[in-house]
Amino acid sequence: MSICIAGLKISFLSNTEFYSIVKDTTRHYKTFRLRKRSGGYRCIQAPNIGLSILQKMILEHILYANYMPPKNCTGFIRNKNITDNVRPHLNNPYVFKTDIKDFFSSIKEHLVKQLFLDLGFDNQTSKVLSRICCLYGVLPQGAATSPMISNMIFLDLDKAIQHYCSGRNYIYTRYADDITISSNEMIDKSICDDIDNILKIHNLTINKKKTHLYGPGAKKIITGISIASGQMKIPRLYKRQLRYEINALKTKKYNFDEGMLLSLNGKLCYCRQIEPDSKFVNRALKLVKVELVRLKRQNKVEQDTLSKWRGSSPKIGGGWE
């Protein structure tokens, strides 16, 4: 008999598998590190397939159905991408940017449970849903539900910062943990303390290492996109690194496996969002796709050859059949 919770029929998990997830989610995650564009590593907790499907059902049928994003929230929103976070600031010479320290891990399980309670679920259902969405008592970076839950919980934060900015003719956007505020007029230096105080009210902390206030003529990069020229551009250093990787692929300097090619393809797709008409980006994407097809064909030939070899391998003590 299928389990049903919050109106979701969970037929792909046995009762034992479902209650194992609810009892202890730690057994259903794999942790790995991803290199950041800015340097260092980001720790990702990836759920196993059963938990992942469960979280996607909650995302699709509960979270999306109950969230109307404000205009200033641009991250993890359908039909929006990173350029929507940058575009409102293009013509403003003064830019303040910062980010929220320990973004996902700042959101505790009791806040997630309260979110489901506010959506109208009973106490027991809210407890189970929050358990499915959390790991070690916080939102994990890797769960499909984490970005949307963070947006929903930070709705009051977005309203508070927007209220602060509206009274000063500032423009505000937030992409996940990245906060950007810009203006045609000089932004007062007190903005750092003001935003920090707003974050503290919501039990959050500003990341002072990533806090910057730029004026006219300064090199401005917002969520990885350069706007110094008044247009959205891929930062020079990032493009230079991409050219090096593409050249290495062309000249066969390294043996690119499927994972490396997919990673390079992801970087180029990200760049195409920023510069859709870039000849370099579009040519590089075609090259990577050709290499992916070639590699898959090569792997198939090798697998077929290996299968034939196994089928014709000699028995111990005997000759070839």
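Because the structure is a prediction, the values reported are computed rather than measured. (Residues numbered from 1 in each chain as written. Predicted model: local features only at pLDDT ≥ 70, side-chain atom pairs only at ≥ 80, totals over all residues. Heavy atoms only, no water.)

**Here's the deal with the overall build of the chain**
Stage number 1. For the chain, the count of helices and strands is 11 helices and 10 strands.
Stage number 2. Its C-alpha atoms give the chain principal-axis dimensions of roughly 85 × 55 × 30 Å.
Stage number 3. Per-residue burial for the chain yields a buried fraction of 42% across its 321 residues.
Stage number 4. Long-range contacts, defined here as pairs at least 24 residues apart, represent 66% of the contacts in the chain between residues at least 6 apart.
Stage number 5. Accessible surface, the chain as shown: approximately 18700 Å² in total, 51% of it carbon and sulfur. (Helix = DSSP H or I, 4+ residues; strand = E, 2+ residues; numbered from the N terminus. Buried < 20%, exposed > 50% of the residue type's maximum accessible area, 1.4 Å probe, protein only. Contact = heavy atoms within 4.5 Å. Areas by Shrake-Rupley, 256 points an atom, 1.4 Å probe, with all protein chains shown as cover.)

**Comments concerning the layout of surface pockets**
Stage number 1. A volume near 450 Å³ is recorded for the second largest pocket.
Stage number 2. Every residue lining the second largest pocket is counted, 19 residues in all, and those nearest its centre are Leu 111, Met 152, Ile 153, Phe 154 and Asp 156.
Stage number 3. Those elements that provide at least two residues to the lining of the second largest pocket are helix 4 (109-118), helix 6 (146-153) and helix 7 (155-166).
Stage number 4. No other element matches helix 4, which puts five residues into the lining of the second largest pocket. (1 Å grid on protein atoms, 1.4 Å probe; cavity = no way out; pocket = protein on both sides within 12 Å on 5 of 7 lines; lining within 4 Å. Points joined across faces, edges and corners; volume = space filled by probe spheres on them.)

**Focus: the side chain of Gln 45**
Stage number 1. Locating Gln 45 in the fold gives a position in strand 4 (residues 41-47).
Stage number 2. Judged by its relative accessible area of 17%, Gln 45 is buried.

**Thoughts on the packing of aromatic side chains**
To describe a pair of aromatic rings, one takes the distance between the centres and the angle between the planes.
Stage number 1. One pass over the structure, following the stated rule, counts seven aromatic pairs.
Stage number 2. Pairing Tyr 238 with Tyr 270 gives two aromatic rings, centres 6.1 Å apart and planes at 85°, and the pair type is edge-to-face. Taken together, the positions of Tyr 238 in helix 9 (residues 236-250) and Tyr 270 in helix 10 (residues 258-274) put the pair 32 residues apart, joining distant regions of the chain. Tyr 270 matches Tyr 238 in its accessibility class, with the two residues each being buried.
Stage number 3. Three or more aromatic residues joined by ring pairs make a cluster, and in this case those are Phe 103, Phe 104 and Phe 154. (Phe/Tyr/Trp six-rings, centres within 6.5 Å; stacked < 30°, edge-to-face > 60°.)

**Re unusual backbone geometry**
Stage number 1. With a phi close to 50°, Asp 102 is a non-glycine residue in the positive phi region.
Stage number 2. Within the element layout of this structure, Asp 102 appears in the loop between strand 5 (94-99) and helix 4.
Stage number 3. Positive phi, normally seen in glycine, also occurs at Asn 203, with a value near 60°.
Stage number 4. Following the sequence through the fold, Asn 203 ends up in the loop between helix 8 (191-201) and strand 8 (212-214).

**Here's the deal with the environment of Asn 92**
Stage number 1. Secondary-structure assignment places Asn 92 in the loop between helix 3 (82-86) and strand 5.
Stage number 2. Given the relative accessible area of 11%, Asn 92 is considered buried.
Stage number 3. On a C-alpha basis, the gap between Asn 92 and Glu 185 in space is 8.1 Å, while along the polypeptide they are 93 residues apart.
Stage number 4. Those residues in contact with Asn 92, other than ones at most four positions away along the chain, are Ile 171, Ser 182, Ser 183, Asn 184 and Lys 220.

**Concerning the sheet that holds strand 8**
Stage number 1. Across the sheet, four strands lie side by side as 6-7-5-8; this open sheet has antiparallel pairing. Every interior strand has two partners, whereas the edge strands, strand 6 (171-175) and strand 8, have only one. This sheet shows a mean twist of 15° between the axes of neighbouring strands, independent of strand direction.
Stage number 2. With respect to the sheet, helix 7 is in contact with strand 6 and strand 7 (178-183), its orientation differing from that of strand 6 by roughly 155°. (Pairing = 2+ DSSP bridges. Axes fitted to C-alpha atoms, helices over the stretch in contact; angles between N-to-C directions.)

**Brief notes about the pairing of strand 7**
Stage number 1. For strand 7, the buried fraction is high: five of the six residues fall into the buried class.
Stage number 2. The sheet contact formed by strand 5 and strand 7 spans six bridges and is antiparallel. When the sheet's bridge partners are listed, Tyr 94 is paired in strand 7 with Ser 183.
Stage number 3. The pairing of strand 6 with strand 7 spans five bridges and is classified as antiparallel. Along strand 7, the bridge assignment pairs Arg 174 with Ile 179.
Stage number 4. In sequence, strand 6 turns back onto strand 7 through a hairpin of two residues, with Ala 176 there showing a positive phi of about 60°.

**Here we look at the nonpolar core**
Stage number 1. Within the largest apolar cluster, 57 residues are counted, with the highest numbers of intra-cluster contacts made by Phe 18, Ile 58, Leu 63, Val 112, Ile 161, Ile 181 and Ile 195.
Stage number 2. Of the residues forming this core, the biggest block, seven residues, is contributed by helix 2 (residues 49-63).
Stage number 3. When near neighbours in sequence (up to four residues on either side) are disregarded, Ile 58 contacts Leu 8, Leu 63, Phe 116, Leu 129, Ile 132, Cys 133 and Thr 145.
Stage number 4. Ranked by size, the runner-up nonpolar core spans 29 residues in total, among them Tyr 214, Met 232, Phe 256 and Leu 285. (Core = buried A, V, L, I, M, F, W, Y, C linked by side-chain atoms within 4.5 Å.)

**Observations regarding the pattern of salt bridges**
Stage number 1. Under the counting rule described, the total for this entry stands at 10 salt bridges.
Stage number 2. Across the pair Arg 78 and Glu 60 runs a salt bridge whose closest N-O atoms are separated by 2.8 Å. A residue pair is termed long-range when its members are at least 10 positions apart, and Arg 78 in the loop between helix 2 and helix 3 and Glu 60 in helix 2 qualify at 18 residues.
Stage number 3. Assessed through its relative accessible area of 46%, Arg 78 is described here as partly exposed.
Stage number 4. Each of Lys 252, Glu 291 and Arg 294 takes part in one network of salt bridges that share partners. (Salt bridge = Lys/Arg side-chain N within 4 Å of Asp/Glu carboxyl O.)

Geometric values such as these leave the question of function open.
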